[in-house]
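The primary structure of each chain is shown beneath.
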Amino acid sequence: MKNLFTKLKQHIDNGLYPGAEWKINYKDNIYQGKIGYLDLLTGKPIQSNSIYRIWSMTKPIISIVILQLIDEKRVHLDDPLNLYLPVFNNLNIINFNNKTNLFNKDFKTMPTIKDLLLHTAGFSYNFFDDEVAKEYSKKKLFFSSDTTLEEEINILASCPLLYQPNKKWHYSVSIDVLGRIIEIVMKDKLQNVLKNRIFEPLGMNDTGFSLQEDQQQRLMTSYEYIPEEKKLIKPRDQNIALYGYPLNNPNYARGGHGLYSSINDYSKFTEMLLSGKTKDGTTILSDNMLRLASSNQLDDSFFPLEINIPGNQDEENDLEPYGWGLGFRVLINTEKSNKIKSIGEFGWAGAAATFFLVDPKNNLSAVLMTQVLNADKALREDFIEEIYNNL
């Protein structure tokens, strides 16, 4: 891993990123480093305990808690959504043929817990270009930093589905729905459940939906990359940047984004995903549930998976070699993978270019942290390439 610092430094020097931090655990050998700045304006250097908005890397943590509840038989994969959330009783499908009336009564099956985990429930995301996404934005779904998760899910329940459940893979707000289901089953706030079931057992003391004042001093500033000008700017008012992400609101929680974490904290989570256990042997997730989480659960009719964000249609489809487990992308085709050649590698990423992978066959986990929306992919690609070139 000796060349990793040099390889990643060029992207910082070229102004593509303010800074980056990484941690790799290969067969219990740790390779860790950092480069660049927490804030470009002040020139404050990146620290070893820096904190980041991890955006969609919140989702795997929520997924693990749902799988714990399935293990405990409090929830079942085939349970319909409205069993826990009656507010969805009148769920409808979008009517593409009538733009003045988005709702279509031709609704066949209620999404299940499994559909929510697999992103086959039929929901969408604000940053897509479909009519349901536009409906989300019109209703300012998840734009607030003050609403509770319950309030946001009630707004979501008033919107139609984009697809019939279990018919198409479409990346979506479904993990936010799971976050609310966790609250209902546990009769507690999501913040407390994550703390009790994940953060405290793993010693993730810098991870949560709110930051204390001393933690805020360690937070990397967020940027957006403008490829035409090859420079970083303050994030513009785009759909993803409009999402609420408060620094310190004790009532704030989301299932699909919203967590803050550090490289050391999130690495504890990814290292746990190799065995389902903490360093001291405490079980976080059973072997059976971990296997389901980290193995493909979709049939061929759903492939290729793709996240089509407006403006990025010409980019290579990074998900083409992948299937989807119960919460993670899962590598199923090495012939279509340029960098990773290990079947069963799994993980996910965040909107601001955070990234992680877990590779059970190589006893490997790796986390990359930075803070750039619409980021150039080169940093992540070089990170992966250097790891696998040096195993």
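Caption draft 1: Summary view of the overall build of the protein. For the protein, the helix and strand inventory stands at 11 helices and 15 strands. For 391 residues, the compact-globule estimate of 2.2 N^0.38 gives 21 Å, and the C-alpha radius of gyration of the protein, at 20 Å, lies within 12% of that figure. Dimensions of the protein, computed from C-alpha atoms along their principal axes, come out at roughly 60 × 50 × 45 Å. Residues counted as buried form 57% of the 391 residues belonging to the protein. Across the protein, every contact between residues at least 6 apart in sequence was considered, and the portion connecting residues at least 24 apart equals 69%. Just so you have it, the protein exposes about 16500 Å², and 45% of that area is on carbon and sulfur atoms. Taking the average location of the 43 positive side-chain charges in the protein and that of its 49 negative ones, the two points are 1 Å from each other.

Caption draft 2: Structural detail: unusual backbone geometry. With an omega dihedral of -5 degrees, the bond running from Phe 303 to Pro 304 counts as a cis peptide bond. Positive phi is not limited to glycine here, since His 119 has a value of about 60 degrees. Here His 119 shows up in the loop between α3 (113–118) and α4 (131–138).

Caption draft 3: Broad picture of the packing of aromatic side chains. Counted under the stated rule, the structure contains 19 aromatic pairs. With centroids separated by 6.0 Å and ring planes inclined at 45 degrees, the aromatic side chains of Phe 142 and Tyr 243 adopt a geometry described as tilted. On the criterion of sequence distance, the pair formed by Phe 142 in the loop between α4 and α5 (149–156) and Tyr 243 in the loop between β8 (231–233) and β9 (260–262) is long-range, its members being 101 residues apart. Taken together, Tyr 125, Phe 127, Phe 128, Phe 142, Phe 143, Trp 169, Tyr 171, Tyr 243, Trp 324 and Trp 348 form an aromatic cluster joined through their ring pairs. The side chain of Arg 53 reaches across the aromatic face of Tyr 245, ending 6.0 Å from its centre.

Caption draft 4: Up close: the environment of Ala 157. One can find Ala 157 in the loop between α5 and α6 (174–186). For the pair Ala 157 and Gln 68, spaced 89 residues apart in sequence, the C-alpha separation works out to 25 Å. Beyond its immediate sequence surroundings of up to four residues, Ala 157 is in contact with Val 87 and Phe 88.

Caption draft 5: Main features of the packing of α6 against helix α7 (residues 190–202). Between α6 and α7, the least distance of the axes is 9 Å, while the angle of their chain directions is 80 degrees. Between α6 and α7, the crossing angle belongs to the class labelled roughly perpendicular. In contact with Gly 179, Ile 182, Glu 183 and Met 186 of α6, α7 contributes Leu 190, Gln 191, Val 193 and Arg 197. Residue composition of the contact of α6 with α7, grouped by class: four nonpolar, two polar and two charged.

Caption draft 6: A look at the side chain of Lys 23. Note that Lys 23 resides in strand β1 (residues 19–26). It is Glu 271 that comes nearest to the buried, bridge-free Lys 23 among opposite-charge side chains, at 4.8 Å. Looking at Lys 23, its side chain comes within polar contact range of the side chain of Asn 264, at 3.1 Å. Those residues in contact with Lys 23, other than ones at most four positions away along the chain, are Ile 30, Tyr 31, Gln 32, Ile 263, Asn 264, Ser 267, Glu 271, Ser 365, Ala 366 and Val 367.

Cut-offs used in this document
Residues numbered from 1 in each chain as written. Predicted model: local features only at pLDDT ≥ 70, side-chain atom pairs only at ≥ 80, totals over all residues. Heavy atoms only, no water. Helix = DSSP H or I, 4+ residues; strand = E, 2+ residues; numbered from the N terminus. Rg over C-alpha atoms; globule rule 2.2 N^0.38 Å. Buried < 20%, exposed > 50% of the residue type's maximum accessible area, 1.4 Å probe, protein only. Contact = heavy atoms within 4.5 Å. Areas by Shrake-Rupley, 256 points an atom, 1.4 Å probe, with all protein chains shown as cover. Lys, Arg positive; Asp, Glu negative; His and termini not counted. Charge placed at Lys NZ, Arg CZ, Asp CG, Glu CD. Phe/Tyr/Trp six-rings, centres within 6.5 Å; stacked < 30°, edge-to-face > 60°. Lys NZ or Arg CZ within 6 Å of the ring centre and 35° of its normal. Axes fitted to C-alpha atoms, helices over the stretch in contact; angles between N-to-C directions. Parallel < 35°, antiparallel > 145°, perpendicular 65-115°, else oblique. Nonpolar A, V, L, I, M, F, W, Y, C, P; charged D, E, K, R; others polar. Salt bridge = Lys/Arg side-chain N within 4 Å of Asp/Glu carboxyl O. Polar contact = N/O pair within 3.5 Å; in protein donor to acceptor, adjacent residues only side chain to side chain.

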